[in-house]
Structure formats: C-alpha cells, structure tokens
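So the chains spell out like this:
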Amino acid sequence: MRVSMDIELKDVPGQMLLALQPLSEYKANLITVVHHHQKRTPRKTVPVKLILETRPESIETIKAKLEENGIRVVRVGEHRFRESINVVLIGHVVHTGIQDTIDEIDRTGFAEVVDLSLSMPGINMLSSALMKIDAVGKEDLQKALAILKEVSTKKDLLMVLPIDIQA
Amino acid sequence: MKTVYCSIHGFGAIGQGVAEVLLRKKEYLESLGLEVKVVAVVDSKGATVNPEGVDLADCLARKRTAGTVALESISGVEIIQSVDHDLVIETTPTNIRTGGVGLQNMLAAFQTGKDVITSNKGPLTLKYRELMETAKAAGSHFRFEATVGGSMPIINLANEVLAGNKIKSIKGILNGTCNYILTRMLEERASYNDILAESMQLGIAETDPTYDVEGIDTACKLVILANAIFGLDVTYNDVDVTGITKVTPEALEMAYERGHVIKLIGEVSKERIHVAPRLVPINHPLAVGGTLNVASVETELAGEITVTGKGAGPIETASAILSDLIAIYGN
C-alpha cells in the first residue's frame, strides 16, 4: 500500500540518513521526499513529507524505528490517490455553479478536486479555472473526466485536457 | 532531357509561389533531367495559354501590375480538356462545401489521363475516395503533400519514408494561424479578439478567420491524413471539432504557471479523429510557438517521429509541390 508520512528532522547533519535507514531496512519503496526547508516548526525542526510503498504490517515497525532514531513522526496516512491531472475550464465557470462542478467529481469517492485556481476578469467575460483532480487509478481518472465532460457540455464550458489523456 | 508539360490552376499566393520556385529551380530540375514547361496559367479571371510554354516571369509581372494573369477568357477545365499536357498543378482556394473549381479541375485532369499535384484541401476532404479511384482508373499520379502542414513533410513521410511501419497515430499543430494567436495571447496577456486583429493586420489570419479558428482547417487536414495514411474513408463530419475562440489569456497564464501551454491539437488514428485545444507541457516536442506547424507520428517500429516546419507561405507550400513533382517525374 502507499502511505504518506509527515516527519520532523532536527536541523543538524545526518538526520535524513537516520530517517531513510528504517525504510531501507524494512524494504519500503520510497516514492517521494519533500523537504520543507523553509518551513521551520516552533520546535526548530524541519518538516519532511515522505510517500512510500510498503506492506501494511511494516508501517508500525517503521514508525517505531524512526522514533527510536529520534525522529518525530507527526502523521501517517494512507495515500489513496495515484493519478493526478490538471484540467482547464473556460466559460461561465462560476455563474453556472463551480461548487456543483466540484461536487460532481468529489461525490464519486474515487476522485477529488484538490486544487483550483480561478480567474474572473469581469462581468460578462469568460472566466477560467484550472482544476487539479486526483484519482485512485487511471480508470477512475478517465471516469472522473467523463463526468466532468458531461458537466462541461451542460454548462457550455470549454474543457481543455492534457495532450496525453484520451479526450 | 524529359519535358513535363503542366498547367497551373489558381494564381494567388501559392500559384505564384509555384511559378517562382519553378523559375528558381530551373537549373536544378535540368540537372535531374527535367524540363518543366508551363502551358497555361489560370486565375479566376481567365488564363494565359501557350502550348510551347508561357513565360512565367511575364505571368508574375502581369499578375502584380494588372491583378490578373488572364489574356483570354477560358476556364481551367477547358484548358485541361483541350491543351495537351501531362500535369495539372491545382492551387485554387479551398472550398470544403462543394469542392469548388478545384474538384472540377482534378476530375477533368484524371478523365484526360493527366497527373495532379495539389495544395487544395477541399476536394480531398469531400471526395477522397472518388478522386483516388478516378486517378487509379486513369493510371494518373495524384499527390497532395502541400495540403497538410505546408512545407512540413507528413503524408510522404508516413507513406514513403517510413514505409513498412504501421502508423498508430498522428498528433500535432496543423494550423499556423491558431498557433500564432495562442502564442501571442500568452506573450502579451492579450485577449483573443485583440490578437486576432493583430493577426489579420499581419496577414496571418484571413479576413474571415472562421476556417482557421474554429478548427475546420485542422479537421480537413486530419481527414486527408485519415484517408491517405490510415486508409479510412471519412469526411469532415466524422471529426470531433472544437476551436480556439473561447480560450482566454487567463487560462493560458494559469496553464503556463503549471508548466503547460495551450495548443490547438489535431489527433488522428484508426479509432478517432479529434481537434481541440489541449494542455501541452512546455518541454514537449509539440510545444512549438509562432506560426509553426508540428506533427508527431507514432509508428510501430520507429517509435515517435516529430517534424516541424512552416505550415503556410507561398514558397514553403511550393516546396512541397516541387517535391511531389520530382517524386513523379524525377526518375
């Protein structure tokens, strides 16, 4: 399973190695490491987000090993979404109910709108939205896009999809 | 020396480009053992005819000063039927509703056993199968590289250079006007209408830009690719088309901030023919700017091959016509 883990490292050399050792020891596959160097915690530690793939039974052991190494584990959660895309919507995005458009995707349970940028240059002008959608798998993503396409047609919105997605 | 007698139909930008290229490449063609003699040049007002060969420099000068090359009132079809020659170079304007005079010229050419090279998409979009069958029955050559992507080789690339490969799909930017508009909207953070006006001033967009901006021109080119490369029998109505008129500078900007540009992408495979604005990563081979055209051919053995080049322009389009001419008569 894929797991996301928020940890905190002390701001001294060699900490990352201490964090990675238990992962390698228990054969967890490290997918991403995001090192938030700019964002110190009040405890003066550096927050780091890990995404890893591992057997469910190893999670508790890895967590204990990390804590043994003096690394604070803030949160462990299942990372459900593997697929992610950006979609642009152009038209009367807001007046036709942006919340409703988002709900249609979120309601599926297998996909979620996780980010939204919106630009409304003026009344009677077309608005533009860039939506980031996460989905559990590739097929779910296609299903979510089919729903979004239907909503877009109904609301007369232009949907701009990435080139590598089957439109 | 082999002499190729030909007629040029349509003496607008492309027809004049052909005349200029034939003059410029006279010696080169002679080095290939080819002498090209133009027996007639036809425009919308009439024609200049000389069975021994007209003077192309004269024709170009007359077009520039008098606005027409016509010295006598005779139609293209009449010339094809009555003047002995080998090749019809068809560069009249595209008409996708009726096929226009181009369709008449092509059919007349095949019926009299002549070869045809064209840059005119209309007849091919409407009557591909009929034209191919008529050409085949007459034993005529029929080449049309200039109809898709201007100077950029795509039809001959897929059918000849990549021979033996199954072509899985072709994706690309096949309309320079749309590419220019989307590129400039992002650069200037300007509205579609402002950049459209600029494009018209520069002569990049036509006074009636509908064909280009609504994706119709791209769709026609996909129809030609679908028929000529994928062996389908489709027309314009089989294409799912969305144009660029709704694209906003804000959408372009938001996409760019996330590493993407928006391009009007045409896509053709055996399963689907589709034109729509798409998000293209800025480091993707299809993310070319300005008026450039680009196409990625996904092949079975050779992987992905991408070509890019000028999609329009009289000399560039004439270059594709010249390559077709050499392909027919060069050996």
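This one's a predicted model, so the numbers in the text were calculated from it and none came from an experiment.

To continue, consider the domain arrangement of chain B. It is common to give the size of an interface as the accessible area lost on bringing the parts into contact. Residue and element names in this part refer to chain B. For chain B, the assigned domains read domain 1 (2-151 + 314-329) and domain 2 (156-309). Computed from C-alpha atoms alone, the centre-to-centre distance between domain 1 and domain 2 is 27 Å. Listed by partner, the interface residues are 18 residues for domain 1 and 22 residues for domain 2. In this assembly, domain 1 packs against domain 2 so that about 1,500 Å² is buried in total across both faces, 59% of it on carbon and sulfur atoms. It is Ile96, Thr125 and Val148 in domain 1 that bury the most area against domain 2; as a group they hold 34% of the surface buried on that side. Salt-bridge contacts for Glu160 lead to Arg143; the nearest nitrogen and oxygen are separated by 3.0 Å. In this assembly, domain 1 and domain 2 are joined by seven residue pairs in polar contact (both at pLDDT 80 or more).

All names here are of chain B. What the six strands build is an open sheet, ordered β3-β2-β1-β4-β5-β6; its pairing is mixed. The open sheet terminates on both sides in strands that have one partner only, identified here as β3 (46-49) and β6 (142-143). Set on the sheet, helix α3 (residues 56-66) makes contact with β1 (2-9), β2 (34-43) and β3; between it and β2 the angle comes to about 25°. Helix α5 (residues 100-111) contacts β1, β4 (87-90), β5 (115-118) and β6 of the sheet and is inclined by roughly 170° relative to β4.

Turning next to the nonpolar core. All names here are of chain B. Ranked by size, the top nonpolar core spans 76 residues in total, and within it Phe142, Ile170, Leu225 and Ile244 carry the most contacts. Element by element, the count of residues in this core is highest for helix α11 (residues 216-228), at seven residues. When neighbours within four sequence positions are excluded, Leu225 is seen to be in contact with Val148, Ile154, Ile155, Ile170, Leu174, Phe230 and Val268. Formed by 28 residues, the second largest nonpolar core is a distinct cluster that contains Ile8, Leu34, Leu325 and Ile328.

Each value, and the rule that gives it
Residues numbered from 1 in each chain as written. Chains lettered and ligands numbered in written order. Predicted model: local features only at pLDDT ≥ 70, side-chain atom pairs only at ≥ 80, totals over all residues. Heavy atoms only, no water. Domains from an automatic or database assignment. Contact = heavy atoms within 4.5 Å. Buried area = accessible area lost by both parts, 1.4 Å probe. Salt bridge = Lys/Arg side-chain N within 4 Å of Asp/Glu carboxyl O. Polar contact = N/O pair within 3.5 Å; in protein donor to acceptor, adjacent residues only side chain to side chain. Pairing = 2+ DSSP bridges. Helix = DSSP H or I, 4+ residues; strand = E, 2+ residues; numbered from the N terminus. Axes fitted to C-alpha atoms, helices over the stretch in contact; angles between N-to-C directions. Core = buried A, V, L, I, M, F, W, Y, C linked by side-chain atoms within 4.5 Å. Buried < 20%, exposed > 50% of the residue type's maximum accessible area, 1.4 Å probe, protein only.

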